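Each chain is listed here by its residues.
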Amino acid sequence: MWTRDLVLIILVNLCVFTNHIMSLSTFPFYIQGLGGTEALAGMCAAFFCLVAVVVRPFVGWLLDNGARRVVLVVGLVLLALAPVGYVCVPVLSMAILFRMVHGAALSLSNSTTATVASDVITRPRFAEGMGYFGMATALASAIAPALGLELMGFGFNVLYLAAAAISVVALVLFCFIRTPKPQVEKRPLSLKGLVNRDSLPATCTMLVFMFTFGALENFVAIYAANEGLPSGSLYFLVMSVVLLLVRVFLGKMVDECGEAFFVYTGNVAMICALLLLALLPNTVTFLVSGALAGYAFGGLEPALQSMAVHTASDETRGSANSTFLCGYDIGYGLGGGVSGVLITSIGYGNMWAIVSLACVASVVLYVTWARHSDTSFSKALAAARK
């Protein structure tokens, strides 16, 4: 399983998410520095994800037509240019515009890295391999918030130029990857072909869950500063260490047991994480919340992405990944936007409590629909045991 190309695409993905999360965790501070509010910061998160959602289906179509290299190169170039835009034109209206460009760049980049990883991972260990691929996200989630907040101390120019440089490193690494060239029949662009219907059960389950993650990643650092809690970077560090451990030690569980275990336990863990922030905000519960959130995302995201993609063929793997990541983006963007509005109207504590209800909806959606779909690992394993 551990080929040179898999290692390199994991490193490229690490750079992509380091660039993204460095900007993500500091952008509300940047907006405040330009005179904006939490609600506007939440709107920027929503716009970021809206653009990513609009772009992703077309990215999937390009990938299904074999355009792996050119799509990723364009994405990495835009990932470098968007932070440079924050530096060169530091005004609110342009910050929103460049944030939207950043959303398109992420869509191009991580849809392609996920598809290339799907190409090179062996089928019998697919969920395990996707879990290892997702470790790049875990590592980025661990180092990028702390790195971003530290660099922010030297000024936003230093922060965003560093983010651009990291994208350039990813571009150099990608030059050494031998991307697969699947022999696929060219497919005309059509609305029907932009969405992979087989991946919708996993996608919708993830979409609802991502409300919670959109709220956490956009606002937990500012919440910590307001409440006198430890640095938001420490929260992300604890979260990411647990996330990494889950993917290292429990990565095989989806292949062996199905995705249901992580859907149930992950949503319960996230409910507890958010309620601790809402009801018992102190240093200990803050760190426990980070650990619970790390377990939730660390198990749930790769399990559902594997479910969405594992039955896809070479001709549909790009659209399966892009459809799943659309759900990721929609949930994340709505979570950030809605939570920003809730903070302004009813405060942080009530916001965390309300957002936790998304986990209940995610479980209900999985139980009533997703676990019965043909793409469910759990259903397939249950049938095999019979």
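None of the values given here were measured: they were computed from a predicted structure. (Residues numbered from 1 in each chain as written. Predicted model: local features only at pLDDT ≥ 70, side-chain atom pairs only at ≥ 80, totals over all residues. Heavy atoms only, no water.)

*Asks:* Any chance you could explain the environment of T37 here in plain terms?
*Replies:* Locating T37 in the fold gives a position in the loop between helix 1 (4-33) and helix 2 (38-64). Sequence separation of T37 and S345 is 308 residues, and the distance between their C-alpha atoms is 12 Å. (Helix = DSSP H or I, 4+ residues; strand = E, 2+ residues; numbered from the N terminus.)

*Asks:* I keep staring at the confidence of the model for the protein chain and nothing clicks. Help me out?
*Replies:* In regions of low pLDDT, the predicted coordinates are not meant to be interpreted in detail. Overall, the predicted model of the protein chain reaches an average pLDDT of 85, with 93% of residues at or above 70. Averaged over each element, pLDDT in the protein chain is lowest for helix 8 (residues 191-194) (65) and highest for helix 16 (residues 357-368) (96). (pLDDT = per-residue confidence, 0-100.)

*Asks:* Help me understand the packing of helix 14 (residues 317-346) against helix 15 (residues 348-355) in this model?
*Replies:* Pairs of packed helices are described in terms of their axes, by the angle between the two and the distance that separates them. One can describe the packing of helix 14 onto helix 15 by two numbers: an axis separation of 7 Å at closest approach and a directional angle of 140 degrees. In terms of orientation, helix 14 lies oblique with respect to helix 15. Note that helix 14 runs across helix 15; the crossing there is right-handed. In contact with S339, L342, I343 and I346 of helix 14, helix 15 contributes Y348, N350, M351 and I354. The residue inventory of the contact of helix 14 with helix 15, partitioned by class, reads six nonpolar, two polar and no charged. (Axes fitted to C-alpha atoms, helices over the stretch in contact; angles between N-to-C directions. Parallel < 35°, antiparallel > 145°, perpendicular 65-115°, else oblique. Left-handed = near helix turned anticlockwise from the far one by under 90°. Contact = heavy atoms within 4.5 Å. Nonpolar A, V, L, I, M, F, W, Y, C, P; charged D, E, K, R; others polar.)

*Asks:* Would you mind showing me how to read the nonpolar core here?
*Replies:* A general feature of soluble globular proteins is that nonpolar side chains tend to end up buried together. Judged by nonpolar contacts, the single largest core of 106 residues is most densely connected at I9, F209, L216, M270 and W352. Residue contributions to this core peak at 15 residues, all from helix 1. Setting aside residues no more than four positions away along its own chain, M270 makes contact with F209, T212, F213, L216, A293, A296 and C359. Residues V59, L63, A67 and V71 belong to the second largest nonpolar core, which totals five residues. (Core = buried A, V, L, I, M, F, W, Y, C linked by side-chain atoms within 4.5 Å. Buried < 20%, exposed > 50% of the residue type's maximum accessible area, 1.4 Å probe, protein only.)

*Asks:* Explain the environment of L304 to me, please; I cannot follow it from the model alone.
*Replies:* Mapped onto the secondary structure, L304 falls in helix 13 (residues 283-309). Once the C-alpha coordinates of L304 and M206 are considered, the two residues, 98 residues apart in sequence, prove to be 7.0 Å apart. If we skip the residues at most four places from it in the chain, L304 touches A202, T205, M206, E259, V263 and F324.

*Asks:* Honestly, the packing of helix 2 against helix 9 (residues 200-227) in this entry has me stumped. Any pointers?
*Replies:* Helix 9 packs onto helix 2 with a crossing angle of 160 degrees between their chain directions and a minimal axis gap of 10 Å. Classified by the angle between their axes, helix 2 and helix 9 sit roughly antiparallel to one another. Two packed elements cross with a definite hand, and for helix 2 against helix 9 that hand is right-handed. Here E38, G42 and A45 of helix 2 lie close against helix 9, whose contacting residues are N218, F219, I222 and N226. When its residues are assigned to classes, the contact of helix 2 with helix 9 shows three nonpolar, three polar and one charged.

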